[in-house]
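# An overview of the molecular structure
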Amino acid sequence: MSKLVTIYGGSGFVGRYVARRMANEGWRVRVAVRRPNEAIFVKPYGVVGQVEPILCNIRDDASVASAMHGADAVVNCVGVLNELGKNDFDAVQAEGAERVARLAAELGISRMVHISAIGADANSSSEYARTKARGESGVLSHVPGAVILRPSVIFGTEDQFFNRFAGMTRMSPFLPIVGAETRFQPVYVDDVAQAAVKAVLGQAEPGIYELGGPEAKTFRALMQQMLGVIHRRRIVIGVPFWVGRVMAGVLDLFKFVSFQLFQNNILTRDQLKNLRHDNVVSETARTFNDLGIEPAALESVLPEYLWKFRPSGQYDDIQNSAKNLQV
């Protein structure tokens, strides 16, 4: 019988790409998610019965253990950008990650891959970064041979980065950003998935890898590149951090007084703390190069999914060409 991998958060942005690649490798794939009915789209990644979404709550021992029963390897892709109810940073990124590793060790599963993030730091002022670091520590304490992947900002068809800012250009001639000079090293989601699969297959040495694309650019430069792809002229405005602090404080207050009915998906105080620091691969880190992977460049991928934000969508290039025709 083919081997089985359990992917926690396997229908999420990164997880679905890992699931597809593992299915292509011939593995049976168990996609452990909170809402399996919303993850049915992963089933066609393999033949009938090869990829199955199942119910799992990463905050519950019995649920996590049940999801990995009989598995040969586990991949943890669960993380949150915004806290919501009981799914706060600590419960998901620290306690949840350690729970997966602890139960894997108890069940004798030695092959584990954990998706973390560049900037994970136990001494950070950001709760997001601190819990990412605690999650890594918890994983390694139970599964010393685990592979931990720390990507920079991830881009791809379903991303919440370029899609979000490209959408904003439809509403205003201005594109305000906080941390305009902060540097990022965007990495293609399928490259991260490829790294995870290599680790599952035993083709990566245990330890921590920092994953970034071929180029590191400032936030402002990334937005200008995006504007070029979507054929829109907008004024990119660098918002000072003190203004961002006021904005984030007000938005977080709205979330609190509305008992979380209002979700602050714009800018939080914790996100602001992370924006003060570059999000790039460190010089001493193990990287894609150590995994034998050549990461995709932004310019080779962005047009494939950002075309819908062009003034005339998929017909924009045709219309621009038509303007050059002479009657």
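Each chain has its residues counted from 1, running along the sequence as written. Since the coordinates come from a predicted model, pLDDT governs what is reported: local features require at least 70, and pairs of side-chain atoms require 80 or more to be given and counted, while whole-chain, interface and lining totals use all residues. No hydrogens and no water enter the side-chain calculation; it runs on all heavy atoms of the structure.

Below, the discussion takes up the overall build of the protein chain. Across its full length, the protein chain holds twelve helices and 13 strands. Along the first, second and third principal axes, the C-alpha set of the protein chain runs to 70 × 50 × 40 Å. Here the protein chain, with 327 residues, has 51% of them falling under the buried criterion. Of the accessible surface of the protein chain, which amounts to about 15,900 Å², a share of 53% is contributed by carbon and sulfur atoms. Counting rule applied: Lys, Arg positive; Asp, Glu negative; His and chain ends not counted. Just so you know, the charge point we use is NZ for Lys, CZ for Arg, CG for Asp and CD for Glu. Taking the 36 positively charged and 33 negatively charged side chains of the protein chain as two groups, their mean positions are separated by 5 Å. Runs of E in the DSSP output that reach at least two residues are strands. Runs of H or I that reach at least four are helices, and both are numbered from the N terminus. Categorising residues by exposure relies on relative accessible area from a 1.4 Å probe, with only protein chains included: less than 20% of the type maximum marks a residue as buried, more than 50% marks it as exposed, and the intermediate range marks it as partly exposed. What sets the accessible areas is the Shrake-Rupley method with a 1.4 Å probe; for residues, cover comes only from the shown protein chains.

The patch calculation keeps residues exceeding 30% relative accessible area without a salt bridge and links them within 9 Å when they carry like charges or within 5 Å when they are nonpolar (Val, Leu, Ile, Met, Phe, Trp, Tyr). A pair is scored as a salt bridge if a Lys or Arg side-chain nitrogen falls within 4 Å of a carboxyl oxygen belonging to Asp or Glu. On the surface, W242, V246, V250, L253, F254, F256 and V257 cluster together to form a nonpolar patch covering roughly 760 Å² of accessible area. When you line up the elements, V250 lands in helix α8 (residues 241-257).

Our focus in this paragraph is the pattern of salt bridges. Applying the stated criterion across every chain yields a total of 15 salt bridges. Between R134 and D90 there is a salt bridge whose closest N-O contact spans 2.8 Å. One end of the pair, R134, is in helix α4 (residues 127-142); the other, D90, is in helix α3 (residues 89-106), with 44 residues separating them in the sequence. The salt bridge involving R102 is made with E106; its shortest N-O contact spans 3.9 Å. One end of the pair is R102 and the other is E106, both in helix α3 and four residues apart, which spans about a single turn. Residue R102 is classed as partly exposed on the basis of its relative accessible area, which comes to 25%. In the salt-bridge network here, residues are joined through shared partners; they are D61, R99, R102 and E106.

Moving on: unusual backbone geometry. The phi angle at H231 is positive, at roughly 60 degrees, despite the residue not being glycine. Inspection of the secondary structure assignment puts H231 in the loop between α7 (219-229) and β13 (235-239). Phi is positive for F259, which is not a glycine, with a value near 55 degrees. Looking at where F259 falls in the secondary structure, it is placed in the loop between α8 and α9 (269-275).

Now for the nonpolar core. Counting residues in hydrophobic clusters, the biggest one holds 71 residues, and the most contacted among them are V18, V29, L149, F162, M223, M226 and L306. Top contributing element to this core by residue count: helix α6 (residues 189-200), with eight residues. Leave out the neighbours within four places in its chain, and M223 touches F161, F162, F165, L175, I177 and V236. As used in this record, nonpolar core signifies buried Ala, Val, Leu, Ile, Met, Phe, Trp, Tyr and Cys residues forming a set joined through side-chain atoms within 4.5 Å. I58, A104, M112 and V139 belong to the second-largest nonpolar core, a separate cluster that totals 26 residues. Throughout, a residue-residue contact means that at least one pair of heavy atoms, one from each residue, lies within 4.5 Å.

On to the sheet that holds strand β1 (residues 4-8), then. Judged by pairing direction, the sheet is parallel, and its seven strands sit side by side in the order β3-β2-β1-β4-β5-β6-β11 without closing on themselves. Of all strands in the sheet, those bounded by a partner on one side alone are β3 (51-55) and β11 (207-211). This sheet shows a mean twist of 20 degrees between the axes of neighbouring strands, independent of strand direction. In this sheet, β3 lies alongside strand β2 (residues 28-33) in parallel orientation, the contact comprising five bridges. From the neighbouring strand, V29 faces β3, where its bridge partner is V51. To obtain an axis, a line is fitted to C-alpha atoms, over the contacting stretch when the element is a helix, and the angle between two such axes runs from 0 to 180 degrees between their N-to-C directions. Set on the sheet, α4 makes contact with β5 (112-115), β6 (147-151) and β11; between it and β5 the angle comes to about 175 degrees. Paired strands, as defined in this entry, are two strands with at least two bridges between them according to DSSP.

Attention shifts here to the packing of α3 against α4. Contact geometry of α3 with α4 gives a least axis separation of 8 Å together with a crossing angle of 10 degrees. Classified by the angle their axes make, α3 and α4 are roughly parallel. Here α3 contributes F89, D90, Q93, A94, A97, E98, A101, R102 and A105 to the contact with α4, which in turn contributes E127, Y128, T131, K132, R134, G135, G138, V139, S141 and H142. The residue classification treats Ala, Val, Leu, Ile, Met, Phe, Trp, Tyr, Cys and Pro as nonpolar and Asp, Glu, Lys and Arg as charged. All others, Gly included, are polar. Classifying every residue of the contact of α3 with α4 by side-chain character gives seven nonpolar, six polar and six charged. If an angle is under 35 degrees, it is roughly parallel; if it is over 145, roughly antiparallel; if it lies from 65 to 115, roughly perpendicular; otherwise it is oblique.

Let's shift gears to α6. For an α-helix, the turn length of 3.6 residues means that residues three or four places apart are oriented alike. Here the expected length of a helix is defined as 1.5 Å per residue gap, with one fewer gap than residues. Along its twelve residues, α6 runs 17 Å from first to last C-alpha, staying within 8% of the 16 Å computed at 1.5 Å per residue. With eleven of its twelve residues buried, α6 lies for the most part within the structure. Along α6, the positions that sit buried rather than exposed are V189, D190, D191, V192, A193, A195, A196, V197, K198, A199 and V200. Looking one or two places after α6, you find G202, whose phi comes out positive at around 80 degrees.

Here we take up the pairing of β1. The element β1 is largely enclosed, with a buried count of five among its five residues. Burial of the side chains of β1 extends over both faces: L4, T6 and Y8 are buried on one face and V5 and I7 on the other. The pairing of β1 with β2 spans five bridges and is parallel. Across the sheet, residue T6 finds its bridge partner in β2, namely R30. For crossovers, right-handed means that the path from the first strand over the helix to the second runs clockwise, given strands pointing away from the viewer. On the question of chirality, the crossover connecting β1 to the parallel β2 by way of helix α1 (residues 15-24) is right-handed.

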